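What follows is each chain in one-letter form.
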Amino acid sequence: MSKSVMNVKSNVKTVLDQLNGRKINNIYLVACGGSSAIMYSAKYILDREAKNITSDLYSSNEFIHRNPQQLGKESLVILCSMSGTTPETAEAAKFAKSKGAFTVALTNEPASPLAKNADLYIKYEWGNGVNAFDTNLSVLYQLVFGVLHMAENNEKFGKLVSSLENLQPVYEKALEQEASNARVFAQSHAKEPVIYTMASGSNYGTAYSFSICILMEMQWIHSHAIHAGEYFHGPFEIIDENVPFIILLGLDETRPLEERALSFSQRYGKKLTVLDAKQYDLDGIDEEVKGYIAPLILNRVLRQYAEELAEARNHPLSKRRYMWKVEY
């Protein structure tokens, strides 16, 4: 690696400077829950863009127990936990370091166990008032594309960073566009016992996060994230006029899978909520990276839907039965 890196967040640049000159053969993306969900988009980028670097994605505890044979001195392990206190992820950082890998933690808490266990950490910001450029998925993208730029001269790095810098106004316009739709969704779905989500490619992590973190964890609504490519291999038997689906349409190479699943669902289902990234104003987003940026926009819009749903159900997103309350 010898390329200089500019314009990314300062703490991302610090990590990239440390990685400059280090040989990286493989990248492991390691996290749990919603932090794991953001890794799906990064894995998609690595599959599409990396020429020589291999990559894989693991739930933190399985990463430790599976113990990949290729994990070693030429490995980069990227871990994420908002609080930095997820025990499995903090332990995974320690495990990876014991194998000689270089570990980078993404977290909102610099003093957390995860940040302390990793070689370096990157602080990201969290909350509705935070600029899109500083959020977890944006920071992850800056890191991954920065590595690809240095290691393999990836020319999309600059386009990706400038697009992320222009993302906040895109968010704001998309949220305004979806405001009334989110309220209608919330009112019509407030009493639904089950809601499925569906997507593919770089968007699958967004569907997965909404399913397990918002609907199941935060709203206690039964859910499952269905991969659009797997829909016709079992799950499509569940669709009828009474079953609610949230179907995401992105802008990457797997969009035809999502369109096919939507087309079938429209024939037999009626409770379909479709979020299509093509319908948003993407001014300032470079054409070559729109497919990678779409999950960030869809994820932000879905958060608006989640907040409206929580309000309609009188069930705050902060409400829990077990998480952080009982031993597990």
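Our structure is the block above this text.
For every chain, the first residue of its written sequence is number 1, and the numbers climb from 1 along that sequence. Two thresholds apply to this predicted model, a pLDDT of at least 70 for residue-level local features and 80 or more for giving and counting side-chain atom pairs, whereas whole-chain, interface and lining totals are computed over all residues. Note that the side-chain values use all heavy atoms of the structure and ignore hydrogens as well as water.

Attention shifts here to the overall build of the chain. Scanning the chain for helices and strands turns up 11 helices and nine strands. Here the radius of gyration uses the C-alpha set of atoms, whereas the globule reference equals 2.2 Å times the residue count to the power 0.38. A compact globule built from 328 residues would reach a C-alpha radius of gyration of about 20 Å, and the chain, at 19 Å, matches this within 12%. Here the C-alpha coordinates of the chain stretch approximately 55 × 50 × 40 Å along the principal axes. A simple rule labels every residue: compare its accessible area, found with a 1.4 Å probe on the protein chains alone, to the largest value its type can have, and call it buried under 20%, exposed over 50%, or partly exposed in between. Within the chain, the fraction of its 328 residues that count as buried is 55%. Note on definitions: a residue-residue contact is assigned when non-hydrogen atoms from the two residues lie within 4.5 Å. Expressed as a percentage of contacts within the chain between residues at least 6 apart in sequence, the contacts between residues at least 24 apart total 75%. Element-wise, carbon and sulfur atoms account for 46% of the exposed surface of the chain, whose accessible area totals about 14,700 Å². Within this scheme the basic residues Lys and Arg register as positive and the acidic residues Asp and Glu register as negative, but His and the chain ends are omitted. One atom stands in for each charge, and that atom is NZ of Lys, CZ of Arg, CG of Asp or CD of Glu. Positive and negative charge centroids in the chain, built from 34 and 38 side chains respectively, lie 4 Å apart. A run of H or I in DSSP counts as a helix once it spans at least four residues, and a run of E counts as a strand once it spans at least two, with each numbered from the N terminus. Per-residue and other accessible areas follow the Shrake-Rupley method at a 1.4 Å probe size, with only the shown protein chains counted as cover for residues.

Paired through backbone hydrogen bonds, the strands of a sheet run either parallel or antiparallel to each other. In space, the four strands of this open sheet follow the order β7-β6-β8-β9, with parallel pairing throughout. Among the strands making up the open sheet, the edge pair consists of β7 (225-227) and β9 (272-276). The sheet shows a mean angle of 20° between the axes of neighbouring strands, taken without regard to direction. Alignment of strand β6 (residues 196-199) against strand β8 (residues 245-249), held across three bridges, turns out to be parallel. When the bridges of β8 are listed, Thr-197 appears paired with Ile-246. Seen against the sheet, helix α11 (residues 290-313) touches β8 and β9 and runs at an angle of roughly 140° to β9. Strands pair, by our definition, only if DSSP identifies at least two bridges between them. Under this scheme, a helix contributes an axis fitted over its contacting stretch, all axes are lines through C-alpha atoms, and angles between N-to-C directions fall in the 0 to 180 degree range.

This part takes up the pattern of salt bridges. Salt bridges, as used here, are contacts in which a Lys or Arg side-chain nitrogen is within 4 Å of a carboxyl oxygen on Asp or Glu. As enumerated under the stated definition, the model contains 16 salt bridges in all. A salt bridge links Lys-94 to Glu-91; its shortest N-O distance comes to 3.9 Å. Here Lys-94 pairs with Glu-91, and both are found in helix α4 (residues 87-98), just three residues apart, close to one helical turn. A salt bridge links Glu-259 to Arg-255; its shortest N-O distance comes to 2.8 Å. Within this pair, Glu-259 and its partner Arg-255 are both found in helix α10 (residues 255-268), separated by four residues, close to a single helical turn. With a relative accessible area of 10%, Arg-255 lands in the buried category. A cluster of three or more residues bridged by salt bridges with shared partners is formed by Arg-255, Glu-259 and Asp-276.

The next point concerns the environment of Leu-143. With respect to the helices, strands and loops of the structure, Leu-143 is situated in helix α6 (residues 136-152). With sequence-adjacent residues up to four places away left out, Leu-143 is seen in contact with Val-12, Val-15, Leu-16, Ile-78, Val-104, Leu-106 and Ile-122.

All right, on to the pairing of strand β4 (residues 102-107) then. Regular strands show a simple pattern: their side chains alternate between the two faces of the sheet. Of all six residues that make up β4, six are buried, and the element is covered over most of its length. Burial along β4 is two-sided: the residues Phe-102, Val-104 and Leu-106 and Thr-103, Ala-105 and Thr-107 are all buried. Crossover connection from strand β3 (residues 75-80) via α4 to parallel β4: handedness right-handed. In the sheet, β4 pairs with strand β5 (residues 120-123) via four bridges, with the strands oriented parallel. Considered in β5, the bridge of Val-104 is made with Leu-120. The handedness of a crossover follows from its direction of travel: if, with the strands pointing away from the viewer, the path from the first strand over the helix to the second runs clockwise, the crossover is right-handed.

Quick look at a nonpolar patch on the surface now. Candidate patch residues must exceed 30% relative accessible area and have no salt bridge, after which like charges are joined if within 9 Å and Val, Leu, Ile, Met, Phe, Trp or Tyr side chains if within 5 Å. A cluster of nonpolar residues, Tyr-322, Trp-324, Val-326 and Tyr-328, forms a patch on the protein surface that exposes about 580 Å² of accessible area. For Tyr-328, the position within the fold is in the segment after α11. We classify Tyr-328 as exposed; its relative accessible area is 70%.

Any two cysteine sulfur atoms lying within 2.5 Å of each other are counted as a disulfide. The final tally for this structure, using the stated rule, is zero disulfides. Cys-32 carries a free sulfur, and the closest cysteine sulfur to it, the one in Cys-80, is 10 Å from it.

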